[in-house]
Every structure is written in structure tokens, then in C-alpha cells.
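# A look at the structure
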Amino acid sequence: MSDAKAPAATVHPRRKIQLVDFLLSFRWIIVIFFVLPFSFLYYFSIYLGDLKSEKKSYKQRQMEHDENVKEVVKRLGQRNAEKDGLVCTARPPWVVVGMRNVDYKRARHFEVDLSKFRNILDIDTERMVAKVEPLVNMGQMSRVTIPMNLSLAVLAELDDLTVGGLINGFGVEGSSHIFGLFSDTVVALEVVLADGKVVRATKDNEYSDLFYAIPWSQGTLGLLVSAEIKLIPVDQYVKLTYKPVRGNLKELAQAYADSFAPKDGDQDNPSKVPEMVEGMIYGPTEGVMMTGMYASKKEAKRRGNVINNYGWWFKPWFYQHAQTALKRGEFVEYIPTRDYYHRHTRSLYWEGKLILPFGDQFWFRFLLGWLMPPKIALLKATQSEAIRNYYHDHHVIQDLLVPLYKVGDCLEWVHREMEVYPIWLCPHRIYKLPVRPMIYPEPGFEKHKRQGDTEYAQMYTDVGVYYVPGAVLRGEPFDGSEKCRQLELWLIENHGFQAQYAVTELTEKNFWRMFDNSLYEQCRRKYKAIGTFMSVYYKSKKGRKTEKEVQEAEQEKAEQETPEADEPAN
């Protein structure tokens, strides 16, 4: 995309203009005069709260944490399983960062308040582990760790993304080709189970099954109250190389793979593999690949080197800045590490162009750029049902996890069926584990010795498809629900996975064709989650979830397990 320019027009029927089209064209008024000011005040109040928390001693923070955990246990004990609904957190539906409607909370439910769990409990520089509560977000983490020359091994780009959401759901970053997804960097999880028991799960203790089952479970196995996450040493700057590439989509995909995956298979050699990787496809014939290495302040300030202090509010949006490589050719610059980590926050990748059509203009960036980004939760709070449904039908937000060797096929499918640009590419490993969690590599992948793969992990790529399809930009009909269904079937056929924060059209049968439910269901039974927490399918499912629908599904699941539970022991 060169900022929402529609592809060449062809003869197609025109889409009927609706009232919601008119409302959306003036939505920027609400954003400027309501969403942005309130977002700023919200972020500032959270910042002050974070500073207050950071001044407390480790012992004091841990004591407060322990008291809050006791309150959660007490609250669960007040639930009457026969009269109360299923357990869910007390966060309002519109607060969730994901773009799908959080309709499951419309069903009758029993709320547990986790709003106090937003503190960094400890930074252990000996173990290289950060112990944090689930509502700690990425902006908070980088603000504390970067001055210590430390970082989470995988630190997702958007400030608002929380530790709990990234563990229970999905998180990826430019370092994921080395460390895997966000959940792969977790060392231990503290979880309150359905019966109120508090456990610490690690990969090698008695709760190892729970440890492996929680990622992608969307909080349906227990309530996460803290996590210990791997830290890595980092330097003050990232030396970033922008390399333009041209060709057809298969050639662009190969150039992307070549940017970080040695063809000789030496994937674990730090002299051959960059520390940060990202690709952006701007159209069917051109893209820019970015590779980064950490660099010291001394190196960055050497004569002739270019430093880009990208954190300033008036700077061009990152995806547009990267796109200049298509005209100026390959170039290198040094970006302060924290600025690099949050490079897509201000513009929400390129979704900001839909929220504020003039938001990328210099005059706006200079005058009001310091108010960006709008808080996603407040944007959702200002959406009517009609606007939400319109976005579902005329807009695409999907993260597609596909094997590296199938990225070219995926790009061709997206171009043919959706025609959305830019497209974000971010590589990540999926590890071969002693158990099979919800997502897993292709069986026998290691025998093929494909580019990027190792004996212990298959290289995947997050293909991020966010924006308005070409047909909608041209005023042509576009059936978003049907295209989503077709996309999901393509993923199932190609051993791909769909990020659950996105809109899904999957039936329950196809949901469990895409994801593996064996370990998940085993843990649902073992830890008494059935009848207490909603199944991950119903939590992810599009559309309203009535109390009757959800309770009947849970009851049916419980009845299926009764004979096994009643069997006499041998």
C-alpha cells in the first residue's frame, strides 16, 4: 500500500453506500476531541501509578501481591456453581485490545477482579528473569528494563499489550526467530485454579502439563496472577538495515527468508543470523526487509553514522519511513533500543490511517502527534454495533502463522482473495516439545531440512494482514465473513494457525482441526476448569454467546467426562 491507494480498477459491480460509510468518514472528529485527550489522560494516570509502584520495595510489592491473590481465592470461594455463571475477569468487554467483539461476557457470568495485578514484582539480574503481574504492559516493561540494558527476550511492539494477554493468547516480535513466541520465553506461571488452589507451573515440575497448556488457552484453564519471563542483555541502540526488494510475491518471500535464514542451515550461528527481523510487503511487486543488531552508544555516535531518535512524536510513521528505501535504496541507521521496540505504536502499524486519515501529515504530527496513539479500548468504546459489524465485513485484521516455506503461497492467496497492503512479516519458531500444545510444528518437519528449520524447531512466519481490502477501496462488494472462512480453511490445509484475538468464523469442528485440543482438554478435566471457565472455542467464537448456549456446551462436556470419572480404580 502506498497509503490506501486502490489497485487498478476493473469492471465490477459497485457496493451500495450505507449510512455507516458516512459516519466513519467523520469519525476523526470523535477521535480528536474525545478519544485522543482521554487516551492521553488515561496513559498519564497509568504512568503515575507505575512510578508509584516502582518506588516500593520488592518485599512490599510481593506482600501486596500475596494479599491480592488471597482476595482472588476468596472471591472464587464465594461462587455458587449451580446458581452463578461461568468465571471471567471483571474487565469490561471494550477494554480488551483484540479487535473481535468480546461477546462472551454478555452471557451470565461470575466476575473476578484482577485490576490490581499490574506491577513488576522483581527484576532478577542473576537468574535473568522478570517476575511480573498479568496486567503489566509492554511500554511499562521496556521503560523499566531498557535503562538496565535488559529486555524481555520477546517484547511485543504495541505499548498496550499485556503480559497476561500475550501468554494466554499470542505474542510475536522481531526476535522471535531466535526465541519463539512470547509464551516460549516464560519460565514459570502462577495460576489460581478453579478450586482456588494456587500453583506455580514450570516445564519440569508436577504442573508441567498446565505450563504447556496455558498458551493460547485465553484464560480458560485458570486465572494467571504472575509470570516469570526470560530477560536478555541488550545495548542502547539497534543498528537497522533497510533493504528494498522487487519481484513477484514468491520472489519477495524468498528475499525475506534469505534476510535471516542461512541457506546452509546454520540457523543458530549469531554471525549469520540478525538479532531483529521484520519485512513489509507494500504491493505485489515490492517490499522492504529490515534486519537489526544491537549496538553500543559509542558505535552509534561514530562519525558518519546516522542516528534516528524515532521516539519523538513528530517523526514520520515507521512503515512510511521504511518505505522510502524503495526510492533511496538500501540504507542503515541507528535507533535507540526502546524507540525501536515501540516503532509501530504511534501509528498502530498502518491502522492509524483509517482512524485519522491525516494523522501521518507533518502538520498533524507536529501539533498533535504527542497525543498518539489513541487507546484501542476507547476506540472500541465509541463504536456502535453497526460500526463493529461494518469492520467485520469490510476490513481485515488477521495474524496468520504459516510455515516459512509457505509464505509465498500465503502472500499469493491474500493478494488474490483480499488484496490488502502493506503486509507485515515476522519470523518465529514453533518448538518441538515433549507434549503437543494447541499449536505445534508439522510432524516430521526436521527430516526435510528446510531453510530456517532446526532439529528442535520449525521456522514459521506471522503474516500480518491489516487494512481495507482492495475491493472495498474501489467501492466493490466484499464479503468479509466468507473470505475469513476461506482463509481459515486455507490455514487448516497448510498447517497454519490464526491468532485468536482476530475475528474468526471457525465452526467448533474446524477450530479443533486448526488447534490441537488433546492437552488442553486433559488439563480442563484435571484442573476442574469444565463448568467453571468457558471453553476457549466459545470464548473466541464470533457472535453473541447466550447463557443457555454456553451452559449447555459446558454441561455436555461435563457429562462426557462423567463415566470416566466414575470408573473404579484398578
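Residues numbered from 1 in each chain as written. Predicted model: local features only at pLDDT ≥ 70, side-chain atom pairs only at ≥ 80, totals over all residues. Heavy atoms only, no water.

The protein is annotated in an unreviewed UniProt entry as Delta(24)-sterol reductase from Solanum verrucosum. Listed in UniProt under the heading Subcellular location (unreviewed entry), the comment for the protein reads: "Membrane". (UniProt positions renumbered as here; feature names shortened; annotations may be inferred.)

### With respect to helix α21 (residues 518-526)
Looking at α21, one finds that the buried residues are L519, Y520, E521, C523 and R524. In the stretch just after α21, K528 is the one whose phi turns positive, near 60°. (Buried < 20%, exposed > 50% of the residue type's maximum accessible area, 1.4 Å probe, protein only. Helix = DSSP H or I, 4+ residues; strand = E, 2+ residues; numbered from the N terminus.)

### A few points about the pattern of salt bridges
Enumeration according to the criterion identifies 30 salt bridges in this entry. Of the charged contacts in the structure, one is a salt bridge between D409 and K250, with a shortest N-O distance of 3.1 Å. In this pair, D409 sits in helix α17 (residues 407-417) while K250 sits in helix α8 (residues 249-258), placing the two residues 159 residues apart along the sequence. Note on K250: relative accessible area 39%, which makes it partly exposed. When the shortest N-O distance is used, the salt bridge between E455 and K449 registers 3.4 Å. Taking relative accessible area as the criterion, E455 reaches 48% and is therefore assigned partly exposed. (Salt bridge = Lys/Arg side-chain N within 4 Å of Asp/Glu carboxyl O.)

### Topic: helix α4 (residues 138-145)
When you tally the buried positions in α4, you get 7 out of 8 residues, the bulk of the element. Regarding α4, the residues found buried are M138, G139, Q140, M141, S142, V144 and T145. Measuring from the backbone nitrogen of G139 back to the side-chain oxygen at the start of α4 gives 3.2 Å, which picks out N137 as the cap. (Polar contact = N/O pair within 3.5 Å; in protein donor to acceptor, adjacent residues only side chain to side chain.)

### Some points on the sheet that holds strand β9 (residues 237-246)
Strand order in the open sheet formed by 8 strands is β12-β9-β11-β10-β14-β15-β13-β16, with antiparallel pairing between adjacent strands. If you trace the sheet from one side to the other, it starts and ends with β12 (331-336) and β16 (497-498), each paired once. Pairing between strand β10 (residues 276-283) and strand β14 (residues 423-431): 3 bridges, direction antiparallel. From the neighbouring strand, M280 faces β14, where its bridge partner is W424. Where α17 meets the sheet, it contacts β10, β13 (396-403), β14 and β15 (457-467), and its direction lies at approximately 155° from that of β13. Its contacts with the sheet place helix α19 (residues 480-493) against β13 and β16, and it is angled at close to 10° to β13. (Pairing = 2+ DSSP bridges. Contact = heavy atoms within 4.5 Å. Axes fitted to C-alpha atoms, helices over the stretch in contact; angles between N-to-C directions.)

### So, the environment of Y207
Of note, Y207 is situated in the loop between β7 (198-201) and α7 (208-213). On a C-alpha basis, the gap between Y207 and C523 in space is 9.8 Å, while along the polypeptide they are 316 residues apart. The contact partners of Y207, leaving out residues within four places of it in the chain, are K197, V199, R200, A201, T202 and Y527. Here the side chain of Y207 touches K197 through a polar contact of 3.0 Å, side chain to side chain.

### Looking at the pairing of strand β6 (residues 186-192)
Extensive coverage of β6 is indicated by the burial of 6 of its 7 residues. Where β6 and β7 come together, 4 bridges link them in antiparallel fashion. Across the sheet, the residue bridging to V192 is V198, located in β7. Linkage of β6 to β7, two consecutive antiparallel strands, is achieved through a turn of 5 residues, within which G196 is found at a positive phi near 90°.

### What about the side chain of E446?
Topologically, E446 is positioned in the loop between β14 and β15. Here E446 falls in the buried class, since its relative accessible area comes to 17%. Setting aside chain neighbours within four positions, we find E446 in contact with K432, T454 and E455.

### A short note on a nonpolar patch on the surface
Together, I30, F34, F38, F40, L41, F44, Y47, L48 and W370 give the surface a local cluster of nonpolar side chains, amounting to about 850 Å² of exposed area. Relative to the helices and strands, I30 is located in helix α2 (residues 27-54). (Patch = residues over 30% accessible without salt bridge, like charges linked within 9 Å, V, L, I, M, F, W, Y side chains within 5 Å. Areas by Shrake-Rupley, 256 points an atom, 1.4 Å probe, with all protein chains shown as cover.)

### Structural notes on unusual backbone geometry
Cis rather than trans, the peptide bond between M372 and P373 has omega equal to 5°. Here P373 lies in the loop between α14 (362-368) and α15 (376-381). Non-glycine residue Y349 carries a positive phi angle of around 60°. Along the chain, Y349 turns up in the loop between α12 (337-341) and α13 (352-355). Of the residues examined, Y349 reaches a relative accessible area of 9% and is grouped as buried. Of note in this structure, K528 is not a glycine but carries a positive phi near 60°. On the secondary structure map, K528 appears in the loop between α21 and α22 (536-540). A relative accessible area of 52% means that K528 is categorised as exposed.

### Topic: the packing of aromatic side chains
According to the stated counting rule, one finds 36 aromatic pairs in the structure shown. Note on Y207 and Y527: the rings are 6.2 Å apart at their centroids and 45° apart in plane angle, and the pair reads as tilted. Within this pair, whereas Y207 is found in the loop between β7 and α7, its partner Y527 is found in the loop between α21 and α22, the two being separated by 320 residues in sequence. Per residue, the accessibility class of Y207 equals that of Y527, and both read buried. By way of ring pairs, the aromatic residues F170, W216, Y440, Y460, F497, F511, W512, F515, Y520, Y537 and Y538 are connected into one cluster. A cation over a ring is seen here: R75 above F110, with NZ or CZ 3.9 Å from the ring centre. Directly above the ring of F331 sits R328, whose terminal nitrogen or CZ lies 3.7 Å from the centroid. (Phe/Tyr/Trp six-rings, centres within 6.5 Å; stacked < 30°, edge-to-face > 60°. Lys NZ or Arg CZ within 6 Å of the ring centre and 35° of its normal.)

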